[in-house]
Amino acid sequence: MINAQLAASPHAHAPVSIDRTMRLVMLALLPATLLGLWQFGWPAIILFAVTLGAALLFEAMALFLAGKPLRPSLMDGSALLTGWLLALTLPPWAPWWIGLVGAFVAIIVGKQVFGGLGQNLFNPAMVARVVLLVSFPLEMTQWVGPQPLFFEQTPGVGDALTISLDGLAAAAPWDAMSGASILGQVDLALQQGNDLGTAMPTLFPPLNALLGGIPGSLGETSALLLLLGGLFLIRKGVIDWVIPVAVLLGVVVPASLLHLIDPTRFAGPLLHLLAGATLLTAFFIATDPVTSPVSRVGQAVFGAGIGLLVYLIRTFGAYPEGAAFAILLMNAATPMIDHYIKPRIFGRDRRGRPLPVAGEPAAQPAAQATGEGKR
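A short tour of the structure in this document, coming up.

Criteria and cut-off values
- Numbers given to residues run from 1 along each chain, matching the order in which its sequence is written.
- At least 70 in pLDDT is required for a residue's local features to be given in this predicted model, at least 80 for side-chain atom pairs to be given and counted, and no such filter applies to totals for whole chains, interfaces and linings, which use all residues.
- Note: side-chain values were computed over all heavy atoms of the structure, leaving out hydrogens and water.
- Patches were defined on residues exceeding 30% relative accessible area and lacking a salt bridge, with like-charge contacts within 9 Å and nonpolar side-chain contacts (Val, Leu, Ile, Met, Phe, Trp, Tyr) within 5 Å.
- Each accessible area value is a Shrake-Rupley result obtained with a 1.4 Å probe; residue values ignore everything except the protein chains displayed when judging cover.
- Salt bridges are identified by distance alone: a Lys or Arg side-chain nitrogen within 4 Å of an Asp or Glu carboxyl oxygen.
- Here a strand is any run of E in DSSP of at least two residues, a helix any run of H or I of at least four, and the numbering for each starts at the N terminus.
- Only protein chains enter the accessibility calculation, which uses a 1.4 Å probe; a residue whose area is less than 20% of its type maximum is buried, one above 50% is exposed, and one in between is partly exposed.
- Every helix has an expected span of 1.5 Å times one less than the residues it contains.
- In this description, one arc is meant: the one made by directions from the helix axis to the C-beta atoms.
- Any two residues whose heavy atoms approach within 4.5 Å are treated as being in contact.

Residues L207, L211, L224, L227, L228 and L231 make up a contiguous nonpolar surface patch of roughly 510 Å² in combined accessible area. Secondary structure elements with two or more residues in the nonpolar patch: helix 9 (206-211) and helix 10 (223-235). The element that contributes the greatest number of residues to the nonpolar patch is helix 10, accounting for four residues. Examined against the element boundaries, L231 turns out to sit in helix 10.

Our next topic: the pattern of salt bridges. In this structure the tally under the stated criterion is four salt bridges. Here R296 ties to D240 by a salt bridge, and the two come within 2.8 Å at their closest N and O atoms. With a gap of 56 residues between them, R296 in helix 14 (residues 296-316) and D240 in the loop between helix 10 and helix 11 (242-261) connect regions that are remote in the sequence. Its relative accessible area of 47% is what places R296 among the partly exposed residues. For E321, the salt bridge is made with R314, and the minimal N-O distance between the two is 3.1 Å. Take E321 and R314: they sit in the same class, and that class is buried.

What follows deals with helix 10. Between its first and last C-alpha atoms helix 10 spans 18 Å; for 13 residues at 1.5 Å apiece the expected length is 18 Å, and the two agree. Among the residues of helix 10, those classed as buried are A223, L226, G229, G230 and L233. Looking straight down helix 10, one finds that the buried residues subtend no more than 125 degrees of arc, so they occupy a single side. Where helix 10 is buried, its residues meet helix 1 (18-65), helix 9, helix 12 (269-274) and helix 13 (278-285). In the segment just after helix 10, G237 is the residue with positive phi, at about 80 degrees.

Structural data, given as structure tokens:
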């Protein structure tokens, strides 16, 4: 009698897991994040730490109330990445409670209310971003130029605590450093009737935006580092190229066309690519696999829709930055996109009919094969 031991069937395992994916995304964000923390100093470091810590805290609270084990979900990196992405979209000198409230909305309202990881309809960080912008417009629209760490005019730890606790408006003399973002300055110039053709060289130095020397959110520090991080994710297979390219084309094509029609009223595509959250959106937010379509064609539609909405909101809307609104609107459209644009089933054509096998006659329609319908 042969002794045999039952074992599972052999399977091919791909080196893909939630925690590996989250770690790679955070690794790709690290250079731009470190540059942003260095450029905006201790107030940004405090806000970043509060936002990430609060995201982990609220994740633990939700898991405890739901009776789920804490360690697996806290260690997979999903809550940490949500807080990270939210922090990158905030004004770097916003008060500490902005990060706290934003983390609550992102984790509890944007994620856990839907059932947790993998079940949310909307991107949690963008839900929090929109709620904060609508609820606290003053705190969410106060920007500062880069104030690098260890420079003479940079706030120290004590001044940073004052800014974080009381807000920038109450922290003299640092309140004098507040101003509009680049997109806000362009919007203001249009409202004042200025000619963008002559104003843009002063308002928007492309090299500064590329390297990270303009006012804006913590994640808008360096378009170059964000681009390199996105290309790293594509190289590692964490994201596909379809959505990022579609987002960028969705912004560039209308911006180029309208700029050609009237350059005095419409900024060129370079501004929309390098300023604001375009690259952060294209590579790190829109590519969320939970809230984006499953088919490649659907992903192209999804990404192009985000890019077009970003441009339309920036150009014709009330907000200079439209990325968060665009993402949430296209998140809502994802189920409809998946309904009408389905991926082809392996072994079948787009209509669901079996593909012919080499050496065998092609499959006939059911009615013809059974003789039905013949007279």
